[in-house]
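The chain contents come next:
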Amino acid sequence: MGRTNKYDVAIVGAGHNGLVCANYLARAGLSTVVLEARHVVGGACVSEELIPGSTWSSCSFVQGMLRPEIIDDLELAKYGLVSKSPDVQGFALWDDGDHYFIHKDLDRTLASIEKHSKGDGENFLRFAQRMKRFGDITRDVLLSEPLSRSEFIKLFEDEGEQELLQEFVFSSSLELTQKYIKSERMRGHMNFLGMVSTWGSPSTPGTSYVYGYHSQGEFEKVLGRWALPVGGMGAITRALAASAVSHGAVIRTEAAVDKVLVWGGAAVGVVLKSGEEIEADLVVSNADPKRSLTKLLDRKHLPDRVLKAAAAIDQRGSMARIHLLIDQLPGYVGFGSSKQGPEHEGHAILGGNVELYEKAWEAQRRGIFADEYVIEALIHSVTDPSVCNNRHHTLALGVQQLPYELADGTWDVHKEAWVDSVCEMLFRYAPNLRNHIVARNVITPLDLEKNYGLTGGNIFQASMVGMQQLLDARPLWAAGHYRTPVANYYLCGSGSHPGGGVTGAPGHNAAMRILADLRGDMNVRQVRTRAGGKTLIDSIMDTGIGQKVGFQVAKSRGLRAITKRFSKTKR
Ligand SMILES: Cc1cc2nc3c(=O)[nH]c(=O)nc-3n(C[C@H](O)[C@H](O)[C@H](O)COP(=O)(O)OP(=O)(O)OC[C@H]3O[C@@H](n4cnc5c(N)ncnc54)[C@H](O)[C@@H]3O)c2cc1C
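Residues numbered from 1 in each chain as written. Predicted model: local features only at pLDDT ≥ 70, side-chain atom pairs only at ≥ 80, totals over all residues. Heavy atoms only, no water.

Here's the deal with the overall build of the protein
- Looking only at helices and strands, the protein features 20 helices and 20 strands.
- Counting only C-alpha atoms, the protein reaches 65 × 55 × 45 Å along its principal axes.
- The buried share among the 571 residues of the protein stands at 62%.
- Taken as a whole, the protein presents about 21500 Å² of accessible surface, with 52% of it coming from carbon and sulfur.
- Each charge class in the protein can be summarised by its mean position, and for the 64 positive and 64 negative side chains these summaries are 3 Å apart. (Helix = DSSP H or I, 4+ residues; strand = E, 2+ residues; numbered from the N terminus. Buried < 20%, exposed > 50% of the residue type's maximum accessible area, 1.4 Å probe, protein only. Areas by Shrake-Rupley, 256 points an atom, 1.4 Å probe, with all protein chains shown as cover. Lys, Arg positive; Asp, Glu negative; His and termini not counted. Charge placed at Lys NZ, Arg CZ, Asp CG, Glu CD.)

Considering the domain arrangement of the protein
- Domain parsing of the protein yields domain 1 (6-82 + 230-313 + 461-519) and domain 2 (85-228 + 315-452).
- Once you take the C-alpha centre of each, domain 1 and domain 2 turn out to be 26 Å apart.
- The interface of domain 1 with domain 2 comprises 55 residues on the first partner and 56 residues on the second.
- In this structure, the connection of domain 1 to domain 2 is made through two salt bridges.
- One salt bridge in this structure joins glutamate 218 and arginine 67, with 3.5 Å as the shortest N-O distance.
- If you look at where domain 1 meets domain 2, you find 23 residue pairs in polar contact (both at pLDDT 80 or more).
- Put simply, the parts of the chain that give the side of domain 1 that touches domain 2 at least two residues each are β3 (47-51), β4 (54-57), α2 (68-73), α11 (289-295) and α17 (505-519).
- Considered class by class, the residues forming the side of domain 1 that touches domain 2 number 24 nonpolar, 22 polar and nine charged. (Domains from an automatic or database assignment. Contact = heavy atoms within 4.5 Å. Salt bridge = Lys/Arg side-chain N within 4 Å of Asp/Glu carboxyl O. Polar contact = N/O pair within 3.5 Å; in protein donor to acceptor, adjacent residues only side chain to side chain. Nonpolar A, V, L, I, M, F, W, Y, C, P; charged D, E, K, R; others polar.)

Examining the site of the ligand
- If you check the shell around the ligand, you find 35 residues, and the closest are Asn17, Glu36, Ser494, Gly501 and Val502.
- In the model, an oxygen atom of the ligand is placed 3.1 Å from a nitrogen or oxygen of the isoleucine 459 main chain.
- Here an oxygen atom of the ligand sits 2.8 Å away from a polar atom, N or O, in the main chain of serine 494.
- If the ligand stood free it would expose 1000 Å²; the protein chains cover 95% of that surface.
- The residue inventory of the shell around the ligand, partitioned by class, reads 18 nonpolar, 13 polar and four charged.
- Taken together, domain 1 (6-82 + 230-313 + 461-519) and domain 2 (85-228 + 315-452) each give at least three residues to the shell around the ligand, which thus spans both. (Near = heavy atom within 4 Å.)

What follows is the structure, given as structure tokens:
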């Protein structure tokens, strides 16, 4: 029997957002096919055997932003997703051995920070409280159709929180951390989150939003907490795929779409690179927006001004992942041993330093490499040993603020020498590793484009620095509500609101928009809310005396139950 080539919906790309979208549409009864160019589903949320005998989260490596509503709606636990959250969540280390930990338990975190910098425990608590307030105000924005910029600003005005808006949306991540934190080193650690896929530095306006956006993640109902899926990030997309298939969706890999077919101004299907045609009443693209609008569509189908705007989508700002298979854990400076300890559990930032980020930005702008980078490091196998044999560990590094285009040559030419230089930087923090790297695999900004379909290597499909490409202007005004100027052609990837990260939100929101359009509710904004507003404890913590008392409570081990309640998100 021949393959059915007529569906209600064809989704281009099986990244996690394409799969989330497919799930909601299939559950609503639409016959849905997902067409993925690669041999495996997942896009940037994938596990692969990059080094023989070991499994790696190739790109994204931490599950913190995936919306709990989506995990529940799509029954991801039932379809195999198991995630483990380590007790040590963060670890900051400098090359003289100075360090501190971010634990799951607030009292231990505050004690560790106080040891690093007296007074900053209390400052950190104040900062965390502000971050929680930001998360509470903006959380409903994530799983709803985008607001306009002025509606978004009004959200804060209505809560009397204009200052919070300035801090976490418009200012730079440097200004944000300078306002709360005394220790230069601690600021260096914290600013890493503002540098993720950023074309800029800690002093670039809008990088505070990159920070704020990431801090909205949660796990086990605790804001800012993260976990590792057993088997790597691909476990998320495998569960999404299994859930979609069990509700009738068809998923095809090695099925690269060449063009979206348009007839009379409306999408009517796709043609694959193989020449096969698939008819569909609706086409949804999970590919990045520049690709979706300027490559998958013939130019003649878009008005000139939209074509120009699509070609100008800002996709600058990239990073590299370096995967190192090691046969000894890092013996970090100041710890003196490679025996497994808390320093191997968390997300580590090595050498966090604002000046280094500034220099990296200078190099990024010029298309060259900086002499030194701040490095992130995560050893997945410590929390989840299933990813390699018991003689090895999987150490993944991340370097941000990289240029995609080099002034001289290409990434393919410079890749190995550059990784050698990053390893030299790593050895300053973990000297023993010089003799314990068994094999390595590197994913450069160019590889992100060539192998993972991320144009320009931007890990969010489109830059998230600055309001000009956020909310209903993401990725551009003409496609700010998941619809495009071509009827029945939608976008559902992280290039759409609310943006990047493994959130599932763009896929969810696009599906809600499509289902509303099919119902005829073309002008009804799709909104998903949960309880909000200030809690009593939020109000108390807004006062100076409240913060003092709060700090005493939070640093007390005996009062953990209270601090746990304080850090829970509202659901
Ligand atoms: C190196 C790196 C590190 C990251 N770290 C984290 C992290 O730790 N935590 C986190 O939450 N987020 C992280 N992110 C961000 C996050 O992974 C992405 O924002 C998210 O996975 C994007 O998902 P998506 O479904 O929107 O798009 P994508 O994952 O980009 O999926 C798009 C899919 O479309 C396919 N496609 C493209 N063109 C075609 C075509 N013509 N035909 C068929 N298929 C096509 C692609 O192959 C791809 O599978 C990271 C990303 C990268 C790259």
